[in-house]
Amino acid sequence: MIYWDNNATTPLLPEAREAMLPFLGEVYANPSSPYSAARGAGRAISNARDQLGTLLGADSKNLIFTSGGTESINLAFHLAKLAEPQKQHIVTVSTEHAAVLGCAEQSAGQGCRVTLLPVDEQGQLNLDSLRDSLCDDTALVSVMAANNETGVIHPVQEIADLAKNCGAYFHCDGSQAAGKIPVSLRSFAPDFYSVSGHKFHGPKGSGALYISDRVPAGSLFQGGDQEFGRRAGTENVAAIAGLGMAAIKAKEFIDEASSIIPESLKVIEDIISKALPQARFLAPSAQRLPNTRLLLHPGVEAEAVIALLDEKEICVSSGSACASGSVEPSHVLRAMGVPDAEARSAIRLSASRLNTVEEAGRVADSLIDIIHRLATMNL
Ligand code: PLP
């Protein structure tokens, strides 16, 4: 199988699996228990916190383990609103992940005014519009570091500065950026940064939220005082240990500055652009994640392309959401002004460091063959 859908999830790294195994077996004591048998579990959590701190350039005391990106995002929104109950305005962007848009919608249902900033055809928001939208009443600005469908990267440092200047909290959804591009939360200094373990070869159901010292105490779940009182509930020690190992391995890969992923993507872009003159890759002039490309081709349906690739044991995904049998173009592509007919052709190619340049060639050749066949059938 050739797996090129790494923005959906990534395979668990063997080293991460190894790091998890003791906590699925002999080291089962509750990390909060007072006896020595529990200390191994406690140490594993604090080791993983240090490892994640190394990846994110953050102090480990600011990192809270959660069940994934979705929970981290919900916790960030909850804490910001808890800290600023008198403020009633939230700013976010139309291309955010459903978790952020859902939290914004929930806040609107609770009486908040939500500004949903538009993006241009490159997926970029206008910083002047952001500045104009901010006011004394703004509790939270939430902007993702990188988009899961297009890979488009936002200038989050400038956005964090704008939010801070108006006294708002800044949450950055780093679920797609963490483990793929360098970050130093110490210098970037957001108030919240969400991370998802399974996006960088950690286990599913693992994640973290960075919370700055500026954010007052509080928690989404009621219960014990685990995770510095920020996240009640007995820790998933195995998942946390796996996430920590995945984080340190991702950091090593980022530091190597290997060209394997950009080379693979370049092979795909070059081969496809030569063979399919009507094809285009979305947002070519935007800064994008090195592992993500979204391919559009008129006259083909992504669902058909994906099914035919699947027969060849190649996994990619579309930029569309398939709900109750009808294929709806994604909100991201709509926000970028891609016509619905073209958006329905969107194929997302997302690589990881476990992919090879040779695989890239095979993915490109298969895509050309399939798109060519489908496009001629539809003439
Ligand atoms: N945010 C972004 C940008 C994502 O791509 C995802 C996952 O697709 C999430 C949040 C949610 O992460 P999780 O699956 O860990 O809940």
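Residues numbered from 1 in each chain as written. Predicted model: local features only at pLDDT ≥ 70, side-chain atom pairs only at ≥ 80, totals over all residues. Heavy atoms only, no water.

(A) Molecular detail of the site of the ligand. Close to the ligand lie 13 residues; Thr70, Asp173, Gln176, Ser196 and Lys199 are nearest. Serine 175 places a polar side-chain atom, nitrogen or oxygen, 3.3 Å from a nitrogen atom of the ligand. Here an oxygen atom of the ligand sits 2.8 Å away from a polar atom, N or O, in the side chain of glutamine 176. In isolation the ligand has 390 Å² of accessible area, and contact with the protein removes 85% of it. Ranked by residues supplied to the shell around the ligand, first place goes to helix α3 (residues 69–83) with three residues. The residue inventory of the shell around the ligand, partitioned by class, reads two nonpolar, nine polar and two charged. (Near = heavy atom within 4 Å. Polar contact = N/O pair within 3.5 Å; in protein donor to acceptor, adjacent residues only side chain to side chain. Areas by Shrake-Rupley, 256 points an atom, 1.4 Å probe, with all protein chains shown as cover. Helix = DSSP H or I, 4+ residues; strand = E, 2+ residues; numbered from the N terminus. Nonpolar A, V, L, I, M, F, W, Y, C, P; charged D, E, K, R; others polar.)

(B) Fine view of the sheet that holds strand β12 (residues 317–318). Taken in spatial order, the four strands make up an open sheet running β9-β10-β15-β12, and their pairing is antiparallel. Bordering the open sheet on either side are β9 (280–281) and β12, each of which pairs with just one other strand. Sheet topology note: the β12/strand β15 (residues 347–350) ladder contains two bridges and is antiparallel. Bridge pairing links serine 318 to isoleucine 347 in β15. (Pairing = 2+ DSSP bridges.)

(C) The pattern of salt bridges, seen in detail. Applying the stated criterion to the full structure yields 18 salt bridges. Salt-bridge contacts for arginine 348 lead to aspartate 5; the nearest nitrogen and oxygen are separated by 3.1 Å. Here arginine 348 is found in strand β15, whereas its partner aspartate 5 is found in the loop between β1 (2–3) and α1 (14–20), with 343 residues between them in sequence. When the shortest N-O distance is used, the salt bridge between lysine 249 and glutamate 252 registers 3.4 Å. Taken together, the residues lysine 249 and glutamate 252, both in helix α8 (residues 237–256) and three residues apart, mark about one turn of the helix. Classification of lysine 249 as partly exposed rests on a relative accessible area of 23%. Taking relative accessible area as the criterion, glutamate 252 reaches 40% and is therefore assigned partly exposed. Taken together, the salt bridges that share partners define one network made up of Lys312, Asp369 and Arg373. (Salt bridge = Lys/Arg side-chain N within 4 Å of Asp/Glu carboxyl O. Buried < 20%, exposed > 50% of the residue type's maximum accessible area, 1.4 Å probe, protein only.)

(D) A look at the pairing of β15. Burial along β15 is two-sided: Ile347 and Leu349 and Arg348 and Ser350, pointing in opposite directions, are all buried. In this sheet, β15 lies alongside strand β10 (residues 292–296) in antiparallel orientation, the contact comprising four bridges. If you follow leucine 295 over to β15, its bridge partner there is isoleucine 347.

(E) The arrangement of the environment of leucine 276 in detail. Tracing the backbone shows leucine 276 in the loop between α9 (260–275) and β9. In this structure the C-alpha to C-alpha distance between leucine 276 and lysine 81, which are 195 residues apart in sequence, comes to 49 Å. Here leucine 276 is in contact with His297, Ile368 and Ile371, once residues within four sequence places are set aside. (Contact = heavy atoms within 4.5 Å.)

(F) Just the sheet that holds strand β5 (residues 138–142), in detail. Within the open sheet, the seven strands sit side by side as β2-β8-β7-β6-β5-β3-β4. Their pairing is mixed. The sheet terminates laterally at β2 (63–66) and β4 (113–117), the two strands that pair on one side only. Between one strand and the next, the sheet's axes are offset by a mean angle of 20 degrees, whatever the strand orientation. Pairing between strand β6 (residues 169–173) and strand β7 (residues 192–196): three bridges, direction parallel. Along β7, the bridge assignment pairs cysteine 172 with tyrosine 193. In the packing of helix α4 (residues 98–109) onto the sheet, contacts are made with β3 (89–93), β4, β5 and β6, and the angle to β3 comes to roughly 155 degrees. (Axes fitted to C-alpha atoms, helices over the stretch in contact; angles between N-to-C directions.)

(G) Looking closely at the pairing of β6. Of all five residues in β6, five are buried, a share of seventy percent or more. Neither face of β6 is left uncovered, since the one carrying Tyr169, His171 and Asp173 and the one carrying Phe170 and Cys172 both have all their residues buried. Judged from the three bridges that link them, β5 and β6 form a sheet pairing that is parallel. When the bridges of β6 are listed, leucine 140 appears paired with tyrosine 169.

(H) Looking closely at helix α2 (residues 39–56). Taking 1.5 Å as the rise per residue, α2 with 18 residues should run 26 Å; its terminal C-alpha atoms sit 26 Å apart, in good agreement. Listed in full, the buried residues belonging to α2 are Ala41, Ala44, Ile45, Ala48, Arg49, Gln51, Leu52, Gly53, Leu55 and Leu56. Turning to α2, the residues buried within the fold contact β2, α7 (185–188), β7, β8 (207–211) and α8. The positive-phi residue at the C-terminal boundary of α2 is glycine 57, with phi of around 60 degrees. (Expected span 1.5 Å × (residues − 1).)

(I) Representation of unusual backbone geometry. One non-glycine residue, alanine 189, lies in the positive phi region at around 55 degrees. Examined against the element boundaries, alanine 189 turns out to sit in the loop between α7 and β7. Overall, the relative accessible area of 24% leaves alanine 189 in the partly exposed class.

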